[in-house]
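Analysis of the macromolecular model
Below are the chains, spelled out letter by letter.
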Amino acid sequence: MAVLETVPVLFPAQAEAAAAASSSTSFLSTSTIIALTVFFALLCACIVIGHLLEEHRWANESITALLLGLCSGVVVLLISKFQSSQILVFSEDLFFLYLLPPIIFNAGFQVKKKNFFKNFTTIFLFGVFGTVISFCIISLGAYLLFKKIGVANLDIQDFLAIGAILSATDSVCTLQVLSQDETPLLYSIVFGEGVVNDATSIVLFNAVQSLDSSNIDALTALNLLGTFLYLFLTSTALGIAAGLISAYIIKTLYIGRHSTDREVALMMLMAYLSYMLAELLNLSGILTIFFCGIVMSHYTWHNVTESSRITTKHAFATISFIAETFIFLYVGMDALDIDKWKKSNASPGTSVAVSSILFALVLVGRAAFVFPISNITNCMKKRESTKIELRQQFIIWWAGLMRGAVTIALSYNQFAISDKEETADFALMITSTIIVVLFSTVVFGSITKPLIRAVLLRNAKSAVSDATDLPSLEELNISFIENCDPSEQPNTPPRRKNSLRLLISNPTRTVHYWWRKFDDKCMRPVFGGRGFVPFAPGSPSGARDDEAS
């Protein structure tokens, strides 16, 4: 079952009533215009306030948008005399079709590929295996504890969905309080883990929805694992294929020689097409468009004109920023949705208990994989400077506790059904999830930056942050062995023996070396990329070549 379901498109909460009362002949209802005007004004306010608070990194745009959303919800609640706080009704179609794709694509497009693949083993273990561990702990904990406090109308599939929902971290909010210059290792690990984590959580969510809850046996775990692996691999392959096709088309036709607008439009449409194809085939669109962004940044981006490179880089980042801010603005406003609180029919004590249990499971679930996996990866590393210290492990654990837009959207997808069928426990799950998102984003998001300065930077050695960039004598020897010509070294052992030794002692660097050779020899001549940009008279690069000649 795909993540998307047929739900009403975004519309004002009081649209029908306002349309009936309005005597205007315009095809746009007054309430629609008012709602959009308010949201665009709040978006502008978020940008301005974010700029004014730029030096105080504890208050990032996500926290600002949440607080503005809360304040706006209070105002609307007072105006409506505590009838409703909603200006707009949440739509999963809006989120999954229009807001989430640009955010994930930009994450893949802007990712620092060198640092990402340098720490790929750690990122993969955190993002995939860590998410699965957190998923199991949260699901099991919710199953064992909820029934003791009176939440008894959830089945096995709902508990598994809760585990997948709360396993999704908020990488964007986390990175707004991390500095790539001050903590490069943490930045690359948390960024990479966050993106892979979001994709893994949605893949798990899709796999859970495809299960038959009425027939669960010992093979259910194997079926879940098989479904997860199938969605993960096929979604990744589709994203890579879409990126390569776009690179080949732009390199072969070189559309930019006639119109830069066309090549920019083609990049955007091909990326969005990959996401829609993944959803059409019941795959993971988020994973597909993420790897499509990585491939496009590696090949396609180098095949377009220089003006298009600047345009795409800033356009993708701007669209992603607006979408993320819009999501957090709505989350803050939706937290005061009176209808959901009334439908939950839960006492304040029950609501606090459920939210506390969920948040405690998030804490335990993340600690259960961050510290063990960090120590496992440390055993695989020889250099002390590349190992993850205990203080860094604590920051990785802390920074990944924030939950965001993906958590909210998946919660609505699972528990927001038609009014006639929605149970009190389903409404309670939505309100509790919103509480967890608000608390984790505001509290942990505001404390992360001061915590990093207190725990890491104040006690860090002057060379720690750059230690991973300084080559050791062993790495210099490895680099010499890798780059030397065997014909010029008659007294050296055969190359195959050296390659095997390098692969065992330095797997990441050796695999990267062989990938670069394959990329330069086979991939870039066909799909373009750096050093293989097509020449066209009149293009910016072509004009410089003409002047030089």
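It should be emphasised that the depicted structure is a prediction, and the values quoted were computed from it without experimental measurement.

**Considerations on the packing of helix 15 (residues 348-380) against helix 16 (residues 390-399)**
Closest axis-to-axis distance for the helix 15/helix 16 pair is 9 Å, and the angle between their directions is 145°. Along this stretch, helix 15 crosses helix 16, giving a crossing that reads as right-handed. Between helix 15, through Leu363, Arg366, Ala367, Val370, Phe371, Ser374, Asn375 and Asn378, and helix 16, the contact on the second element is made entirely by Leu390, Gln393, Phe394, Ile396 and Trp397. Broken down by class, the residue content of the contact of helix 15 with helix 16 amounts to eight nonpolar, four polar and one charged.

**A few points about the packing of helix 9 (residues 184-209) against helix 12 (residues 285-303)**
Closest axis-to-axis distance for the helix 9/helix 12 pair is 8 Å, and the angle between their directions is 150°. Taken together, the axes of helix 9 and helix 12 are roughly antiparallel relative to one another. From helix 9, Val195, Asp198, Ala199 and Ile202 reach across to helix 12, where they touch Ile286, Leu287 and Phe290. The residue makeup of the contact of helix 9 with helix 12, split by class, is six nonpolar, no polar and one charged.

**Observations concerning a nonpolar patch on the surface**
There is a patch of nonpolar side chains on the surface, built from Leu140, Tyr143, Leu144, Leu145 and Ile156 and spanning about 410 Å² of accessible area. Per-element tally for the nonpolar patch: the top contributor is helix 6 (residues 120-145), with four residues. By the element assignment, Tyr143 lies in helix 6.

**Thoughts on the side chain of Thr288**
Among the secondary structure elements, Thr288 is positioned in helix 12. A distance of 3.0 Å separates a polar side-chain atom of Thr288 from the backbone oxygen of Ser235. Setting aside residues up to four positions removed in sequence, Thr288 forms contacts with Ser235, Leu238, Gly239, Ser274 and Ala278.

**Thoughts on the pattern of salt bridges**
Evaluated as defined, the whole model comprises four salt bridges. The residue Glu389 makes a salt bridge to Arg391 at a minimum N-O spacing of 3.1 Å. By relative accessible area, which is 35% here, Glu389 ends up partly exposed. A relative accessible area of 31% places Arg391 in the partly exposed class. As a salt-bridge pair, Arg524 and Asp519 come within 2.9 Å of each other at their nearest N and O atoms. A cluster of three or more residues bridged by salt bridges with shared partners is formed by Asp519, Asp520 and Arg524.

**Brief notes about the environment of Asp337**
Within the secondary structure, Asp337 sits in the loop between helix 13 (306-334) and helix 14 (338-344). Sequence separation between Asp337 and Thr431 is 94 residues, and the spatial gap between their C-alpha atoms is 8.7 Å.

**Quick look at unusual backbone geometry**
Of note in the backbone geometry, Tyr254 takes a positive phi value of approximately 45° without being a glycine. With respect to the secondary-structure elements, Tyr254 resides in the loop between helix 10 (220-253) and helix 11 (260-280). Looking at Tyr254, the relative accessible area reads 4%, which means it is buried. For Asn282, which is not glycine, the phi dihedral falls at a positive 60°.

**Some details on the packing of aromatic side chains**
Throughout the structure, instances matching the rule amount to 22 aromatic pairs. Aromatic pair Phe39 and Phe326: ring centres 5.1 Å apart, planes at 40°, arrangement tilted. Linking Phe39 in helix 2 (residues 30-52) with Phe326 in helix 13, this pair joins segments that are 287 residues apart in sequence. Each member of the pair, Phe39 as well as Phe326, is classed as buried. Note on Phe105 and Phe109: the rings are 5.6 Å apart at their centroids and 25° apart in plane angle, and the pair reads as stacked. One end of the pair is Phe105 and the other is Phe109, both in helix 4 (residues 92-110) and four residues apart, which spans about a single turn. Positioned above the aromatic ring of Trp301, the side-chain terminus of Arg309 is 5.7 Å from the ring centre.

**Concerning the nonpolar core**
Formed by 122 residues in total, the largest nonpolar core has its most connected members in Phe95, Leu100, Phe146, Leu154, Ile162 and Met429. In terms of residue count, helix 9 provides more of this core than any other element does, 15 residues in total. By size, the runner-up hydrophobic cluster in this structure holds six residues, among which are Leu244, Val295, Tyr299 and Met523.

**Section: the side chain of Thr200**
Considering the arrangement of structural elements, one finds Thr200 in helix 9. The residues touching Thr200, leaving out its near neighbours within four places in the chain, are Gly127, Val128, Thr131, Phe228 and Phe232.

**As for helix 6**
Between its first and last C-alpha atoms helix 6 spans 36 Å; for 26 residues at 1.5 Å apiece the expected length is 38 Å, and the two agree. Gly130 marks the point of greatest bend in helix 6, at about 30°.

Parameters and conventions
- Residues numbered from 1 in each chain as written.
- Predicted model: local features only at pLDDT ≥ 70, side-chain atom pairs only at ≥ 80, totals over all residues.
- Heavy atoms only, no water.
- Axes fitted to C-alpha atoms, helices over the stretch in contact; angles between N-to-C directions.
- Helix = DSSP H or I, 4+ residues; strand = E, 2+ residues; numbered from the N terminus.
- Left-handed = near helix turned anticlockwise from the far one by under 90°.
- Contact = heavy atoms within 4.5 Å.
- Nonpolar A, V, L, I, M, F, W, Y, C, P; charged D, E, K, R; others polar.
- Parallel < 35°, antiparallel > 145°, perpendicular 65-115°, else oblique.
- Patch = residues over 30% accessible without salt bridge, like charges linked within 9 Å, V, L, I, M, F, W, Y side chains within 5 Å.
- Areas by Shrake-Rupley, 256 points an atom, 1.4 Å probe, with all protein chains shown as cover.
- Salt bridge = Lys/Arg side-chain N within 4 Å of Asp/Glu carboxyl O.
- Polar contact = N/O pair within 3.5 Å; in protein donor to acceptor, adjacent residues only side chain to side chain.
- Buried < 20%, exposed > 50% of the residue type's maximum accessible area, 1.4 Å probe, protein only.
- Phe/Tyr/Trp six-rings, centres within 6.5 Å; stacked < 30°, edge-to-face > 60°.
- Lys NZ or Arg CZ within 6 Å of the ring centre and 35° of its normal.
- Core = buried A, V, L, I, M, F, W, Y, C linked by side-chain atoms within 4.5 Å.
- Expected span 1.5 Å × (residues − 1).
- Bend = angle between axes of the 7 residues up to and from the residue.

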